[in-house]
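Residues per chain are reported as follows:
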Amino acid sequence: WNVGGAVRWQDKVALGYPVILIGATGQYDVTRPYYGPTETNVDAWVGYGRRIWNDRIGWKAQLNVRDIGKGNRLIPIGVQPNGDAHSYRIPAPMSWSLTNSFSF
């Protein structure tokens, strides 16, 4: 038997900057960026292996689940100068796979 898991974490990312007026010219204020959310993704797996056919072949089965607990949400990837999001991305949904392997 084998059991495992993984956590992938991404810190906040700068999406854009506010615009300030200096005289009659607008300039980006790079000292105060607008940030997107942090992201945490969780994976897990469980597997089982044994010898089959008179111990001539090794067999292993494993169930993998990626992005556990992901909901339906949009993640901002860009903002207007006033801080409102103007574009989004769709995160990967939760997925699973069952694999079987044989070794000779």
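These numbers come from a predicted model, not from an experiment.

### Some thoughts on the environment of Arg-66
Point 1. In this fold, Arg-66 is placed in strand E7 (residues 57–66).
Point 2. The exposure class assigned to Arg-66 is partly exposed, which follows from its relative accessible area of 41%.
Point 3. In sequence terms Arg-66 and Asn-41 are 25 residues apart; their C-alpha atoms lie 8.0 Å from each other.
Point 4. Discounting residues that sit within four places of it in the chain, Arg-66 has contacts with Arg-8, Val-42, Asp-43, Pro-93, Met-94 and Ser-95.

### Re the pattern of salt bridges
Point 1. Taken as a whole and assessed by the stated rule, the structure comprises 5 salt bridges.
Point 2. Salt-bridge contacts for Asp-43 lead to Arg-8; the nearest nitrogen and oxygen are separated by 2.3 Å. Here Asp-43 is found in strand E6 (residues 39–52), whereas its partner Arg-8 is found in strand E1 (residues 2–10), with 35 residues between them in sequence.
Point 3. Classification of Asp-43 by relative accessible area gives buried; the value is 9%.
Point 4. Shared partners join several salt bridges into a network, and the residues in it are Arg-8, Asp-43, Arg-66 and Asp-67.

### A short note on the packing of aromatic side chains
Point 1. Enumeration according to the criterion identifies 2 aromatic pairs in this entry.
Point 2. Residues Tyr-48 and Trp-59 carry aromatic rings whose centres are separated by 6.0 Å and whose planes lie at 70° to one another, so their mutual orientation is edge-to-face. Note that Tyr-48 is positioned in strand E6 and Trp-59 in strand E7, a separation of 11 residues in sequence.
Point 3. You can call Trp-59 partly exposed: its relative accessible area is 24%.
Point 4. Following the ring pairs from residue to residue traces out a cluster consisting of Trp-1, Tyr-48 and Trp-59.
Point 5. Positioned above the aromatic ring of Tyr-35, the side-chain terminus of Lys-12 is 4.3 Å from the ring centre.

Calculation rules
Residues numbered from 1 in each chain as written. Predicted model: local features only at pLDDT ≥ 70, side-chain atom pairs only at ≥ 80, totals over all residues. Heavy atoms only, no water. Helix = DSSP H or I, 4+ residues; strand = E, 2+ residues; numbered from the N terminus. Buried < 20%, exposed > 50% of the residue type's maximum accessible area, 1.4 Å probe, protein only. Contact = heavy atoms within 4.5 Å. Salt bridge = Lys/Arg side-chain N within 4 Å of Asp/Glu carboxyl O. Phe/Tyr/Trp six-rings, centres within 6.5 Å; stacked < 30°, edge-to-face > 60°. Lys NZ or Arg CZ within 6 Å of the ring centre and 35° of its normal.

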